[in-house]
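# Summary of the model geometry
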Amino acid sequence: MALLEIRNVTRRFGDFTAVDGVSVAIEAGEFFTLLGPSGCGKTTLLRMVAGFDLPDGGGIFLDGTDLTDRPPEARPVRTVFQSYALFPHMTVEGNVAFPLEMAKTPSREIPAKIAAALEDVRLTGFGKRYPHELSGGQKQRVAIARALVTHPTVLLLDEPLAALDAKLREEMQIELINLQKEVGITFVYVTHDQTEALALSHRIAVMNKGKVEQVDEPSRIYGFPRSRFVADFIGHCNLFSGPVIANEGGVVTVDVKGLGPVRVAATSAIAPGRSATVALRPEKIRIEAVAPDGTPDNHYRGTVAELLYMGDVTVYRVHTAGGQRIEALLANSAAGRAKFFEVGDAVETSWPVAAGHFVEE
Amino acid sequence: MPAGREGRWGRWFVIGPPLLYLVVLFAIPTLIMVLASFRTPGEFGGLAPLVDESGKLDLNLDSYIRFFTESVYAAVFLKSIIYALVTTLLCLLIAYPLAALIAQSPKKYRDLLLLLVILPFWSNFLIRIYAWMILLGPQAALARGVNGLLALVGLGPVPLLFSSFAVLICLVYVHLPFMVLPLYANLEKHDRALLDAAQDLGAGTWQRFWRITFPLSLPGVYAGAALVFIPALGIFAIPDILGGPEDTLIGNLIKQQFLETRDWPFGSVLSIVLTLSALALAGLAAWVGRRNLGTPSSREEARA
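### A short note on the overall build of chain A
- Of the regular secondary structure elements, chain A holds 8 helices and 20 strands.
- Projected onto the principal axes, the alpha-carbon positions of chain A cover approximately 75 × 50 × 35 Å.
- Taking as baseline every contact in chain A between residues at least 6 positions apart, the subset at least 24 positions apart corresponds to 65%.
- Looking at chain A as shown, the accessible area adds up to about 16100 Å², and 51% of this sits on carbon and sulfur atoms.
- The positive charge centre, built from 37 side chains, and the negative charge centre, built from 44, are 2 Å apart in chain A.

Printed below as a string of structure tokens:
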């Protein structure tokens, strides 16, 4: 049985349904991420798990016990807030001691527990400092130590790295992964940053407009997005839509406007005549100056209309004669110069049937 | 350098007027008072000549000796401090929930509620004290109600007016806004996330108040306490109008020395002692306040 079960939870604010019948089951020891754009309901859902907000329908169960109506202080769940919310009038030690004192921990046990928690977040020796004497990253660690010191069953993290700069964020990501492994506590992490979600999580729930679109491992979310929204939100994706004109020998052919027939490996029975959308990651597209060898499954000519040089890779936007846009991504390292093509170059794009897959609208 | 000189003139232009104001209306009068406290009272009030007939400079410690040797003055002083402390405490107890309520109310109502707090300032101070005379008078509903209840349990009627009760109730009434405003200014800035965090970490309602809200509001408490305590210590109009013979405070004593007894040197001594004790108490409060905020001891005290 799952450790934390969110069953059919709904939350409305007036006419607006922030969370719309969400059901998610999170396993013990899992690093689980709620990912979605702002306003998708992920933070509202997290606040309901923490107890700061009550669902209008459905229930939240921890280890089989109904938590729904319990106040935050009576839940074995701790939150790391986006703003850290460190108590400014207390030292680092005072902040970390706070939940222990609230739990009536015998005072002789407190110093050892503080020391252990600070060691977990690599802040040994910072105990006597005040929050205003710490950097953003250090404050973040204190907030995590404070939340973990009582060994909660679940740790909720609400965009905890959003306020840090890119370099520090990456460092903290690695530390969070290690910390979670070390303490073995279930982490429920909220973020709008898809790369962060992919890097950190065991599983991701992608949310949109109050609903969960897909729950899966990062590689499945990225490689096999189920819906148009997920494909588009996670990384870059070419989305080609059109009517199905054939389904033969395990290959479905879709007639895409401005491109022509696009062939995709059939993953389910799709009858001809229906409309379908094909998702195709830019890095799966071959882009060459001369026509590819043999007869590839999909092959289209075009011109480089725009490019984004990003150092390690370059994103090429190729326009076909029919007016369709194809986005392709190439690592620059093999080029032997800065990049392969320039704007205006005529190029040949191709990909095998296995590269694309169908997504729901 | 012309730029430097211009800057210097600019600075004098800004700080000059308030400095002049302070020198002429505060520093010089204080010095005159300090000097007067060492002089001899004149035969018909005021001051005796600074240089007497024999050409000797007439400066002495007589008035100070009188203050420190006659215990009646120390007693009045102590009583004044107790009245001011009780006033400060009562103001704090009433103002804190009020300020918290205003700080938590929806933004659009806050200005209106603050306006209601300072509304009494729009009518004259003395008129408001006389209003209390009517409210507390023997024929008013309040006195009749209280004495009616007392009669039920077999106790004799008590006068509400011309009593310490009347003085204290009016002291609290007059000074309440001075406590509400700094408390509100402080509480309004509190970060809601801190209370959420405390609750998340297991703190109940009272623990959230005593461990988070109250310690963080201490600067507002100290500011309000100073704004109430210092004027309450020197007040004379309220005990004059609403108090009984037992309610003579240091302010009344000073007023008597200057206007009735016409002993200016002794009045000066009383004023100086009042100023110094107010300064000392304010300094003490500031020191305690600084110690409480920003040193590890704050946690120990908060926990105790």
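### Some points on the overall build of chain B
- Summing up its helical and strand segments, chain B has 13 helices and 0 strands in all.
- Written out in order from the N terminus, the α and β elements of chain B read α-α-α-α-α-α-α-α-α-α-α-α-α.
- Oriented by its inertia axes, the alpha-carbon framework of chain B measures out at about 80 × 80 × 40 Å.
- Surface accessibility of chain B: about 17700 Å² in total, with carbon and sulfur atoms responsible for 73%.
- Within chain B, the 19 negative side-chain charges are centred at a point lying 11 Å from the centre of the 22 positive side-chain charges.

### A short note on the pattern of salt bridges
- All told, the structure shown has 21 salt bridges over all chains when counted by the stated rule.
- Between Arg208 of chain B and Glu73 of chain A there is a salt bridge; the shortest N-O distance is 4.0 Å. Here the residue Arg208 of chain B occupies a position in helix 9 (residues 205-234), and Glu73 of chain A occupies one in the loop between strand 5 (65-66) and strand 6 (77-80), the pair thus bridging two chains.
- Here Glu93 of chain A and Lys128 of chain A are joined by a salt bridge, their closest N and O atoms 3.0 Å apart. With Glu93 of chain A in helix 2 (residues 92-102) and Lys128 of chain A in the loop between helix 3 (110-120) and helix 4 (136-148), the pair connects residues that are 35 residues apart, well separated along the chain.
- Its relative accessible area of 60% is what places Lys128 of chain A among the exposed residues.
- Beyond isolated ion pairs, a larger network of salt bridges with shared partners links Arg11, Asp53 and Asp56 of chain A.

### Considering the packing of helix 8 (residues 192-200) of chain B against helix 9 of chain B
Residue and element names in this part refer to chain B.
- Packing of helix 8 against helix 9 brings their axes to within 10 Å, and their N-to-C directions diverge by 155°. In terms of orientation, helix 8 and helix 9 fall into the roughly antiparallel class. In the crossing of helix 8 with helix 9, the sense of the turn from one axis to the other is right-handed. Contact with helix 8, carried on its side by Leu194, Leu195, Ala198 and Gln199, involves Arg208, Ile212, Thr213 and Leu216 of helix 9 and no other residues of that element.
- Within the contact of helix 8 with helix 9, the residues separate by chemical class into 5 nonpolar, 2 polar and 1 charged.

### Focus: the interface of chain B and chain A
- In this assembly, 23 residues from chain B lie in contact with 27 residues from chain A.
- Counting the contacts that link chain B with chain A gives 3 salt bridges.
- Of the charged contacts, one joins Arg47 of chain A and Asp196 of chain B as a salt bridge, the two residues approaching to 3.8 Å between their closest N and O atoms.
- Across the contact surface, chain B and chain A share 5 residue pairs in polar contact (both at pLDDT 80 or more).
- Broken down by secondary-structure element, the contributors of at least two residues to the side of chain B that touches chain A are helix 8, helix 9 and helix 13 (297-303) of chain B.
- Per-class residue counts for the side of chain B that touches chain A are 10 nonpolar, 7 polar and 6 charged.

### Things to note about helix 5 (residues 125-136) of chain B
All names here are of chain B.
- For helix 5, spanning 12 residues, the distance from its first C-alpha to its last is 17 Å, which sits close to the expected 16 Å at 1.5 Å a residue.
- All of the buried residues along helix 5 are Arg128, Ile129, Trp132 and Leu136. Within helix 5, the buried residues cover an arc of 100° as seen down the axis, which keeps them to one side. Exposed side chains of helix 5 directed beyond 90 degrees from the buried face belong to Ile127 and Ile134.
- Buried residues in helix 5 make contact with helix 6 (141-152), helix 7 (164-187) and helix 10 (237-242).
- Looking at where helix 5 begins, the residue whose side-chain oxygen comes 2.6 Å from the main-chain nitrogen of Leu126 is Asn124.

### Some points on the sheet that holds strand 1 (residues 4-13) of chain A
Residue and element names in this part refer to chain A.
- Read from one edge of the open sheet, 4 strands run 2-1-4-5, paired in antiparallel fashion. If you trace the sheet from one side to the other, it starts and ends with strand 2 (16-26) and strand 5, each paired once.
- On the sheet, helix 1 (residues 42-50) packs against strand 1, strand 2 and strand 4 (57-62) and is oriented at approximately 120° with respect to strand 1.

### Remarks on the nonpolar core
- Counting 42 residues, the largest nonpolar core has Leu45, Phe87 and Phe98 of chain A as the members making the most contacts within it.
- Excluding its chain neighbours within four sequence positions, the residues that come into contact with Phe87 of chain A are Asn95, Phe98, Pro131 and Arg146 of chain A together with Leu194, Ala197, Ala198, Leu201 and Ile212 of chain B.
- Listed in part, the 37 residues of the second largest apolar core include Leu160, Ile254, Ile272 and Ala278 of chain B.

### Here's the deal with the packing of aromatic side chains
- Per the stated rule, a full pass over the model turns up 24 aromatic pairs over all chains.
- Ring plane angle 40° and centroid distance 5.2 Å describe the contact between Tyr300 of chain A and Trp351 of chain A, whose orientation is recorded as tilted. Here Tyr300 of chain A is found in strand 16 (residues 298-309), whereas its partner Trp351 of chain A is found in strand 19 (residues 346-351), with 51 residues between them in sequence. With respect to burial, Tyr300 of chain A and Trp351 of chain A carry one shared label: buried.
- Here Phe67 of chain B and Phe77 of chain B contribute two aromatic rings whose centre-to-centre distance is 5.8 Å and whose plane-to-plane angle is 80°, an arrangement assigned as edge-to-face.

### Quick word on the environment of Val254 of chain A
Residues and elements named next belong to chain A.
- Looking at the secondary structure, you find Val254 in strand 12 (residues 251-256).
- With a relative accessible area of 0%, Val254 lands in the buried category.
- Beyond its immediate sequence surroundings of up to four residues, Val254 is in contact with Ser241, Gly242, Pro243, Val244, Gly260, Pro261, Val262, Ala276, Val278 and Phe358.

Rules used throughout
- Residue numbers restart at each chain and count upward from 1, following the sequence in its written direction.
- Throughout, the order in which chains and ligands are written sets their labels, letters from A for the former and numbers from 1 for the latter.
- Totals for whole chains, interfaces and linings use every residue, but because this is a predicted model, local features are given only for residues with pLDDT of at least 70 and side-chain atom pairs only at 80 or more, for both listing and counting.
- Each side-chain value is worked out from all heavy atoms of the structure, with water and hydrogens disregarded.
- Helix numbering and strand numbering both begin at the N terminus, where a helix is a DSSP run of H or I of at least 4 residues and a strand a DSSP run of E of at least 2.
- Contact criterion: two residues are considered in contact whenever any of their non-hydrogen atoms come within 4.5 Å of each other.
- Only the protein chains shown count as cover for residues, and all accessible areas are computed by the Shrake-Rupley method using a 1.4 Å probe.
- Positive charges come from Lys and Arg alone, negative charges from Asp and Glu alone, with His and the N- and C-terminal ends not counted.
- By convention, charge coordinates are those of NZ in Lys, CZ in Arg, CG in Asp, or CD in Glu.
- Whenever Lys or Arg places a side-chain nitrogen within 4 Å of a carboxyl oxygen from Asp or Glu, that contact is recorded as a salt bridge.
- Working definition: with a 1.4 Å probe on protein chains only, accessible area under 20% of the residue-type maximum means buried, over 50% means exposed, and in between means partly exposed.
- For helices, the fitted axis covers only the stretch in contact; all axes are lines through C-alpha atoms, and the angles between them, taken along N-to-C directions, range from 0 to 180 degrees.
- When describing relative orientation, an angle under 35 degrees is termed roughly parallel and one over 145 degrees roughly antiparallel, while 65 to 115 degrees is termed roughly perpendicular and anything else oblique.
- The sense of a crossing depends on the near helix, which, turned anticlockwise from the far helix by less than a right angle, makes the crossing left-handed and, turned clockwise, makes it right-handed.
- Under the scheme applied here, ten amino acids are nonpolar (Ala, Val, Leu, Ile, Met, Phe, Trp, Tyr, Cys and Pro), four are charged (Asp, Glu, Lys and Arg), and all others, including Gly, are polar.
- Side-chain atoms alone can form a polar contact between residues adjacent in sequence; in general such a contact is a pair of N or O atoms within 3.5 Å, and within protein one must be able to donate a hydrogen while the other accepts it.
- Expected helix span is given by 1.5 Å per residue-to-residue step, counting one fewer step than there are residues.
- Comment: arc refers to directions from the helix axis out to C-beta atoms.
- A pair of strands is considered paired only if DSSP assigns at least 2 bridges between the two.
- The nonpolar core is taken to be a set of buried Ala, Val, Leu, Ile, Met, Phe, Trp, Tyr and Cys residues, with the residues joined through side-chain atoms within 4.5 Å.
- Pairing of aromatic rings covers Phe, Tyr and Trp, the last through its six-membered ring, and needs centres within 6.5 Å; plane angles under 30 degrees mean stacked, over 60 mean edge-to-face, and all others mean tilted.

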